[in-house]
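Working through the structure, step by step
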Amino acid sequence: MKKECVAMLLAGGQGSRLYALTRDMAKPGMPFGGKYRIVDFPLSNCANSGIDTVGVLTQYKPLQLNSYIGSGAAWDLDSIDGGTFILPPYQSAGESGQWFKGTADAIYQNIGFLDLYDPEYVLILSGDHIYKMDYSDMLAVHQRNEADCTIAVIQVSMEEASRFGIMTLDETGRICRFTEKPKKPDSDLASMGIYIFSWKKLRAYLVADAADPESDNDFGKNIIPKMLGAGERMFPYFFQGYWRDVGTIDSFWDANMDMLASDSIDLYDPSWPIRSSSPKTVPQFIGSDAAVSHSVITEGCEIYGKVESSVLSSSVIVEPGAEVEYSILMPGARVCSGAKVSYAIIGENTVIGRGATVGGAPDGSESWGVTTCGPDIRVGEGMSIPAHAMVYDSPEVEM
Amino acid sequence: MNNVHGIVYAYHSFPELKTVGAHRTGAALPFCGRYRLIDFALSGMMHAGVRNVGVIMQRGYLSLIEHLAGGRCWNLERHTGGLHLLAPFGLSDASKGVYEGGIEALGAAWSYLNDDIREEYVLLMRGDLCANIDMRALIDAHLQNGADITAVCARTDVPGSRHSFVPGPDGTASEMLSWQNGSGAGHPSLEIYVLRRALLMDMLQWSREHNRLHFHQDALNHAMEQGCRVALFEHSGYAMLVTSETDYFHANLDMLDSAKRRSLFVPERRVLTRARSDVATYYGDHSCVKNSLVADGCRIEGKVENCVIFRGVTIGAGAELRNCVILNDSVIGANARLRCVISDKNVMMSPYMELSGSERLPLVIPKGSRI
């Protein structure tokens with residue numbers, strides 16, 4: 001089945017900088033913005049861009065993500081000639097099988113999948129960004145440039161630049177240098193981790209890279225520098241608009257809070273729907289004594305207490321007399337009577353016991369930070385979890 | 001998987017539904033923020049393992065067909081069986097009016113019932129019933145009680161019910177009563193029946209020969225006179241057959257009562273409905289929402305009390321809504337004041353609009369109005 005473009009979504013990352021939140025779940029499966037999981041954004045972008053064949057490369061704790069994605073029907077990605085394919089590492093005859101060593105190795109190990117579709121182009125996506133992008137426009141630019149590789153770039157501030165892969169362009173607009181997380185960046189054009197390659201070209205580089213024992217088998221560290229070194233035609237695709245990496249606790253919290261701002265990402269645009277596989281629950285119920293303001297809340301929630309400037313995923317319960325402010329509550333979390341949650345991220349199905357306090361408002365100190373409670377935790381009655389704490393397991397004793 | 005074939009009547013649109021029933025049948029009435037009434041029938045059958053369901057429709061079924069599509073949401077999109085949309089064939093009956101009664105509706109699906117159904121039993125019910133019935137227990141009861149027909153009834157008054165059964169000493173119905181207005185004696189029928197398909201075909205055959213159109217007054221009455229034993233299966237949760245505008249209004253507002261809501265939305269028998277992509281609902285800085293159900297995709301800036309707000313609704317700043325049911329994608333302008341209003345889908349209401357109905361007679365704004 002010949003395809004013009006197949007997308008490969010790298011969803012195997014652990015997301016180790018999200019600590020407790022991703023201990024039992026791959027980062028792309030993380031609930032986001034009340035209604036979504038992070039992976040909804042690249043999957044919806046694919047569907048909206050007319051890409052109907054998506055390989056999802058999983059490795060780290062994939063069970064929830066696999067069951068969430070299912071057949072891809074929620075994103076209309078279950079078409080007859082294409083579809084959504086979960087691609088875990090696998091064994092071949094006579095081999096012991098191995099984990100994906102790096103991002104490029106994940107694609108290398110699935111060359112067989114891509115060969116089934118024999119695409120002209122391969123779109124490489126990552127599962128940790130919040131954005132809306134028309135990949136078909138990026139593909140058109142790639143074709144116009146007769147490029148071998150096109151990298152989506154976004155302008156960042158010079159201070160931030162050292163966190164990203166940074167590109168330098170020559171006078172013709174071609175990429176002439178790419179540096180992963182440079183100490184002293186010489187450009188503010190950051191890679192968004194979204195690549196389009198001409199498949200024949202990439203395939204050859206993947207095969208060569210796999211044979212190189214020195215290589216980390218990573219796109220940013222190995223494949224792209226090797227292609228640049230060989231003088232391949234590499235171009236930027238300039239992206240403007242909302243784009244956030246949600247790989248850290250702070251950036252994850254910030255991006256969720258952006259859902260409350262009207263000037264961040266427009267999710268009401270019917271021409272570019274971000275779809276999700278919604279849980280099947282009743283509408284949200286707001287009780288007689290509830291006070292809700294400046295917040296987003298999702299179906300299945302029951303709110304009897306106070307919720308301010310917060311983002312609540314489905315089936316969250318805020319009991320009478322409980323208070324939630326500047327916090328992110330994941331599906332099924334419960335805040336019991338008299339408890340107070342501020343500046344915190346509360347994992348799925350975690351219960352904050354009666355009268356407990358979790359997190360606190362910024363006090364200007366260096367050590368302040370957002371408090372995080374992982375999933376399935378029980379914070380006991382009256383307990384106090386300080387600002388910037390990270391809770392992995394139900395605390396046994398009073399803190 | 002079981003040996004029961006579901007039949008849902010979705011052709012009714014009672015005149016008392018007035019404006020909300022003008023463009024849709026009772027089964028397609030939007031309910032509780034995100035559902036349509038037929039979701040209860042289809043979800044209930046799904047949980048009972050019924051894998052073949054025929055939906056009898058006659059006219060005004062556009063919104064129903066859009067909602068049902070292939071039946072995927074209720075696990076009814078199957079290679080074998082699944083959902084069967086039984087619209088009129090438009091041959092001999094094309095010029096006739098609305099089906100007079102259940103028998104006429106079933107008669108229109110005669111060849112389907114006679115030739116296409118392989119299951120031994122059929123489960124008949126109305127699509128405008130608002131109740132979460134444990135149909136697995138119902139089917140099990142029928143298989144064990146040895147009766148010819150098992151009927152579901154309630155102990156308390158069921159709005160919209162027009163028939164009731166008087167229980168006899170052995171637990172089967174000794175008598176069926178029918179009334180036109182208000183409730184009477186006996187246990188109100190929810191108009192759900194489980195019986196052998198062969199018996200149903202006999203009842204249809206007799207009705208055809210005697211030119212009878214009604215299920216209860218004619219076919220069931222006759223069958224009972226002939227000694228047919230009707231066992232009663234009691235449903236104790238919330239139930240309403242939604243047949244009037246006022247009942248529709250109250251059924252929605254009833255869902256603000258948590259006991260009633262929990263009786264309909266039972267975790268082990270989830271009510272499934274067609275998915276729609278909506279963002280989470282945003283509550284503005286000055287919004288004030290009390291005792292209300294709100295679906296996803298809304299933006300609420302105003303005051304909302306005792307309301308059911310469906311998906312994609314916008315309520316402007318300073319607006320005040322009390323005891324209202326606002327259907328999908330309506331826009332209520334800033335500083336509008338609404339009391340006891342049902343706003344049908346896609347209504348655009350200007351700022352400062354003041355509208356009010358009453359508990360007994362809600363004011364209904366037709367679909368797509370610009371006011």
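Residues numbered from 1 in each chain as written. Chains lettered and ligands numbered in written order. Predicted model: local features only at pLDDT ≥ 70, side-chain atom pairs only at ≥ 80, totals over all residues. Heavy atoms only, no water.

Some points on the overall build of chain B
Tallying secondary structure elements over chain B gives 9 helices and 28 strands in all. Relative to a compact globule of 371 residues, whose C-alpha radius of gyration would be 21 Å, chain B shows 21 Å and is just as compact. The principal-axis extent of the C-alpha atoms belonging to chain B is close to 65 × 45 × 40 Å. Taking all 371 residues of chain B together, 57% fall into the buried category. (Helix = DSSP H or I, 4+ residues; strand = E, 2+ residues; numbered from the N terminus. Rg over C-alpha atoms; globule rule 2.2 N^0.38 Å. Buried < 20%, exposed > 50% of the residue type's maximum accessible area, 1.4 Å probe, protein only.)

Digging into unusual backbone geometry
Here the phi dihedral of A:Asn217 falls at roughly 55°; this positive angle occurs in a residue that is not glycine. Tracing the backbone through its elements, the reader meets A:Asn217 in the loop between helix 6 (199-210) and helix 7 (219-229). Here the phi dihedral of B:Asn291 falls at roughly 40°; this positive angle occurs in a residue that is not glycine. Note on placement: B:Asn291 falls in the loop between strand 15 (288-290) and strand 16 (292-294). Using a relative accessible area of 17% as the deciding quantity, one classes B:Asn291 as buried.

Observations concerning the sheet that holds strand 27 (residues 357-358) of chain A
Residue and element names in this part refer to chain A. Across the sheet, 6 strands lie side by side as 15-18-21-24-27-30; this open sheet has parallel pairing. With partners counted over all chains shown, the strands left at the sheet margins are strand 15 (291-293) and strand 30 (384-385), one partner each. Both strand 21 (residues 323-325) and strand 24 (residues 340-342) contribute to a ladder of 3 bridges, which runs parallel. Following the sheet pairing, Glu325 is matched in strand 24 by Ser342. (Pairing = 2+ DSSP bridges.)

Notes on the pairing of strand 9 (residues 163-167) of chain B
All names here are of chain B. Bridge count between strand 9 and strand 10 (residues 173-178): 5 bridges; the pairing is antiparallel. Looking at strand 10, one finds that Ser164 is bridged to Leu177. Direction of pairing for strand 9 relative to strand 11 (residues 187-196): antiparallel, over a ladder of 2 bridges. Note on strand 11: the bridge partner recorded for Phe165 is His187.

Digging into the sheet that holds strand 27 (residues 354-356) of chain B
Picture the strands of a sheet paired through backbone hydrogen bonds; they go either parallel or antiparallel. Residues and elements named next belong to chain B. Judged by pairing direction, the sheet is parallel, and its 5 strands sit side by side in the order 15-18-21-24-27 without closing on themselves. If you trace the sheet from one side to the other, it starts and ends with strand 15 and strand 27, each paired once. The sheet shows a mean angle of 5° between the axes of neighbouring strands, direction not considered. For strand 24 (residues 337-339) and strand 27, the ladder comprises 3 bridges, and the chain directions are parallel. Bridge pairing in strand 27 places Leu338 opposite Leu355. (Axes fitted to C-alpha atoms, helices over the stretch in contact; angles between N-to-C directions.)

Examining the interface of chain B and chain A
Tallying the contact residues gives 34 residues for chain B and 35 residues for chain A. In total, about 2700 Å² of surface goes out of reach between chain B and chain A, with carbon and sulfur atoms giving 48% of it. Considering only the side of chain B, the residues that lose the most area to chain A are B:Val279, B:Tyr283 and B:Asp296, jointly responsible for 20% of the buried surface there. Applying the counting criterion to the chain B and chain A interface returns 24 residue pairs in polar contact (both at pLDDT 80 or more). Mapped onto the side of chain B that touches chain A, the elements with two or more residues apiece are helix 9 (258-264), strand 14 (281-283), strand 15 and strand 16 of chain B. (Contact = heavy atoms within 4.5 Å. Buried area = accessible area lost by both parts, 1.4 Å probe. Polar contact = N/O pair within 3.5 Å; in protein donor to acceptor, adjacent residues only side chain to side chain.)

Structural notes on the confidence of the model for chain B
Summing up the model confidence of chain B, the mean pLDDT is 92 and the portion of residues at 70 or higher is 96%. As scored by the predictor, the complex reaches a pTM of 0.91 and an ipTM of 0.90. (pLDDT = per-residue confidence, 0-100.)

Describing the side chain of B:Arg34
Structurally, the position occupied by B:Arg34 is in the loop between strand 2 (30-31) and strand 3 (35-36). On the accessibility criterion, B:Arg34 (7% relative accessible area) is buried. A distance of 2.7 Å separates a polar atom in the side chain of B:Arg34 from the backbone oxygen of A:Thr281. Each residue touching B:Arg34, except ones within four places of it in the same chain, is listed here: A:Pro279, A:Lys280, A:Thr281, A:Val282, A:Pro283, A:Glu299, B:Thr273, B:Phe310 and B:Arg311.

Considerations on helix 7 of chain A
All names here are of chain A. Among the residues of helix 7, Phe219, Gly220, Asn222, Ile223, Ile224, Met227 and Leu228 are the ones counted as buried. The backbone nitrogen of Gly220 has a side-chain oxygen 3.0 Å away, supplied by the residue at the start of helix 7, namely Asp218. Immediately downstream of helix 7, the backbone of Gly231 shows phi near 80°, a positive value.

Some remarks on the packing of aromatic side chains
Applying the stated criterion across every chain yields a total of 24 aromatic pairs over all chains. Judged by centre distance (6.0 Å) and plane angle (55°), the rings of A:Phe285 and A:Tyr304 are tilted. Remark: A:Tyr304 occurs in the loop between strand 17 (302-303) and strand 18 (306-308) and A:Phe285 occurs in strand 14 (residues 284-286); sequence separation between them is 19 residues. On the basis of relative accessibility, which here comes to 23%, the residue A:Tyr304 falls in the partly exposed class. Taken together, the ring pairs connect A:Phe32, A:Tyr36, A:Phe41 and A:Phe252 into an aromatic cluster. In this structure, A:Arg37 packs its charged tip against the face of A:Tyr68, placed 5.4 Å from the ring centre. Over the ring of B:Tyr35 we find B:Arg34, and its NZ or CZ is 5.2 Å from the ring centre. (Phe/Tyr/Trp six-rings, centres within 6.5 Å; stacked < 30°, edge-to-face > 60°. Lys NZ or Arg CZ within 6 Å of the ring centre and 35° of its normal.)

Some words on the pattern of salt bridges
All names here are of chain A. Applying the stated criterion across every chain yields a total of 36 salt bridges over all chains. A salt bridge links Lys61 to Asp24, with the nearest nitrogen and oxygen atoms 3.7 Å apart. Of this pair, Lys61 sits in the loop between strand 4 (53-57) and helix 2 (63-69) while Asp24 sits in the loop between strand 1 (5-10) and strand 2 (31-32), placing them 37 residues apart in sequence. Exposure remark for Lys61: the relative accessible area of 39% places this residue in the partly exposed category. Exposure remark for Asp24: the relative accessible area of 37% places this residue in the partly exposed category. One salt bridge connects Asp209 with Lys226, and the closest N-O pair in it is separated by 2.8 Å. A residue pair is termed long-range when its members are at least 10 positions apart, and Asp209 in helix 6 and Lys226 in helix 7 qualify at 17 residues. (Salt bridge = Lys/Arg side-chain N within 4 Å of Asp/Glu carboxyl O.)

So, the pairing of strand 5 (residues 83-87) of chain A
Residue and element names in this part refer to chain A. One ladder, built from 5 bridges, connects strand 4 with strand 5; its direction is parallel. Across the sheet, residue Gly55 finds its bridge partner in strand 5, namely Phe85. Note that the unit made of strand 4, helix 2 and strand 5 has a crossover that is right-handed. (Right-handed = clockwise from strand over helix to strand, strands pointing away.)

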